[in-house]
Amino acid sequence: MVTQVRPPRRDESTLTIGALAPLTSPGWAEAGQHLLAGMQLAVAEANAAGGIDGRPLELLVRDTAADPQRAEAVVTELAALGVAAVAGEYHSVVARAAATRADALGLPFLCSSAVLDELTEQPTRWVARIAPAQSIGWRLYGDFLLESGHRRIAVVAQPSVYWQCGTGILRDHIAPHGGTVIELGTPAPESIADALVAHGATALLLLVGHPDPAVPLVRAVRGDKRLAGLLIGAPAGQPEFATWAELLGEHGAGVPFLRYLPRELPPLGARVDKELRELLGAAPSFVAFEGYDTIAVLAELLRSHGADRASLAAAWADADVDGTRGRIRFSRTQGISVQQWAWPPVQIVDRDPAAPERFRVLRNR
């Protein structure tokens with residue numbers, strides 16, 4: 001049974017949306033900053049265009065710090081504060097906790113970046129998602145590995161449902177093609193090279209946090225001459241952010257990762273890219289575009305269906321919004337428990353070894 005929380009608004013002239021993002025350690029704070037920048041830009045543009053039927057839109061920002069329990073608590077708090085909806089979050093396990101709590105409270109939640117296929121245990125009408133499902137991107141990554149000639153793929157993974165699911169997707173996808181996933185657990189940097197040589201691995205996937213232990217592991221592998229031809233991969237996108245290049249320099253190049261951008265941004269995306277560069281003082285990551293698109297969708301649904309929570313949640317299927325990376329529409333997709341944009345563009349990208357500040361697109365979906 002859904003528990004509705006509907007206290008009076010603090011200010012009836014303002015429409016509020018709760019914004020979830022990892023802004024402090026151990027969360028991936030750089031991703032959280034980009035996510036929040038995209039959301040804030042979309043709110044500013046909505047208000048500059050007259051708000052929602054003349055009412056200003058406001059974000060109530062909460063730091064999840066990559067903590068599922070904290071996410072549950074802030075969703076409960078935001079519901080009590082009267083937000084029309086909750087948006088955002090980067091970490092999949094945290095987003096799942098937030099989605100579960102939002103579902104229980106009858107609070108619409110539009111998830112920006114988390115990719116776990118089963119974002120909630122049961123299908124729900126309260127939750128929708130901008131990001132693609134993990135199975136979509138990680139199968140594409142598996143195809144890339146196979147086409148690049150890799151059949152013995154070592155995985156270093158920290159304990160997490162997200163990393164566990166990713167490993168399973170890769171194993172199931174490449175096994176029919178003669179590929180093998182070798183799970184190494186979480187070895188110390190000083191022992192990783194010997195393990196890779198012993199197993200005859202040609203590729204190593206880092207399913208771990210950034211910067212630690214990802215950066216020490218990369219340094220250890222790059223520093224061992226026996227592994228000169230080994231591919232290092234990071235499907236979750238660690239090399240996307242500036243700190244990766246700052247900490248690793250040329251050693252951080254040539255590490256393929258998943259990025260949810262088209263080969264060429266449409267006009268809206270190109271304009272938003274320019275404005276985000278000014279706001280961030282750096283090139284925006286795909287996460288910033290996800291943040292912008294999340295608020296763009298919610299703003300349009302608030303205009304067309306109002307701020308009543310039940311009406312807003314019922315409107316996911318009516319969304320037809322011009323996003324920074326394409327037209328956004330939601331639908332029910334087999335194997336996905338929430339309303340899903342099927343599908344955002346997906347790329348496999350790395351930093352160019354000849355110029356690590358530049359990205360190379362290796363494959364598009």
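Residues numbered from 1 in each chain as written. Predicted model: local features only at pLDDT ≥ 70, side-chain atom pairs only at ≥ 80, totals over all residues. Heavy atoms only, no water.

**Q** Help me understand the packing of aromatic side chains, please; the structure alone is not making it clear to me.
**A** What characterises a pair of aromatic rings is the spacing of the ring centres plus the angle enclosed by the ring planes. Summed over all chains, the structure comprises eight aromatic pairs. Each ring, one from Tyr260 and one from Phe286, has its centre 5.2 Å from the other, and the planes form 80°; the classification is edge-to-face. Of this pair, Tyr260 sits in the loop between strand S10 (257-259) and helix H9 (267-280) while Phe286 sits in helix H10 (residues 286-305); the two residues are 26 residues apart in sequence, bridging distant segments of the chain. For the pair Tyr260 and Phe286, a shared accessibility class is recorded, and that class is buried. Chaining the aromatic ring pairs together yields one cluster made of Trp28, Tyr90 and Phe241. Positioned above the aromatic ring of Phe359, the side-chain terminus of Arg259 is 5.2 Å from the ring centre. (Phe/Tyr/Trp six-rings, centres within 6.5 Å; stacked < 30°, edge-to-face > 60°. Helix = DSSP H or I, 4+ residues; strand = E, 2+ residues; numbered from the N terminus. Buried < 20%, exposed > 50% of the residue type's maximum accessible area, 1.4 Å probe, protein only. Lys NZ or Arg CZ within 6 Å of the ring centre and 35° of its normal.)

**Q** Hey, could you run me through the pairing of strand S6 (residues 152-157) in this one?
**A** Residues in a regular strand project their side chains so that they alternate between the two faces of the sheet. Judged from the four bridges that link them, S6 and strand S7 (residues 180-183) form a sheet pairing that is parallel. Bridging across to S7, Arg152 finds its partner in Thr180. One ladder, built from five bridges, connects S6 with strand S8 (residues 203-207); its direction is parallel. Of the residues in S8, the one forming a bridge with Val155 is Leu205. (Pairing = 2+ DSSP bridges.)

**Q** Explain the packing of helix H2 (residues 68-80) against helix H3 (residues 92-105) here, please?
**A** Two numbers describe a pair of packed helices, the interaxial angle and the distance between the axes. Packing of H2 against H3 brings their axes to within 8 Å, and their N-to-C directions diverge by 35°. The interaxial crossing formed by H2 with H3 has right-handed handedness. Facing Pro68, Ala71, Glu72, Val75, Thr76 and Ala79 of H2, the residues of H3 in contact are Val93, Val94, Ala97, Ala98, Arg101, Ala102 and Leu105. (Axes fitted to C-alpha atoms, helices over the stretch in contact; angles between N-to-C directions. Left-handed = near helix turned anticlockwise from the far one by under 90°. Contact = heavy atoms within 4.5 Å.)

**Q** Explain the nonpolar core here, please?
**A** As a rule of thumb, soluble globular proteins bury nonpolar side chains together. Membership of the largest hydrophobic core comes to 102 residues, with the highest contact counts inside it found for Leu57, Phe109, Ile295, Val297 and Phe330. Residues contacting Ile295, with those up to four places away along its chain left out, are Ile17, Met39, Ala42, Val43, Leu57, Leu59 and Ala87. Judged by nonpolar contacts, the second largest core, of 23 residues, contains Ala154, Leu184, Leu206 and Leu248. (Core = buried A, V, L, I, M, F, W, Y, C linked by side-chain atoms within 4.5 Å.)

**Q** Can you help me understand H3 in this one?
**A** Note that an α-helix has 3.6 residues per turn; residues three or four places apart therefore point the same way. Between the first and last C-alpha of H3 there are 20 Å, a value that for 14 residues agrees with the 20 Å anticipated at 1.5 Å per step. Restricting attention to buried positions, one finds in H3 the residues Ser92, Val94, Ala95, Ala97, Ala98, Ala99, Ala102 and Leu105. Looking at the buried positions of H3, the neighbouring elements they touch are strand S1 (15-21), H2, strand S4 (109-111), strand S5 (127-129) and helix H5 (161-174). Once H3 ends, the next one or two residues include Gly106, with phi positive near 70°. (Expected span 1.5 Å × (residues − 1).)

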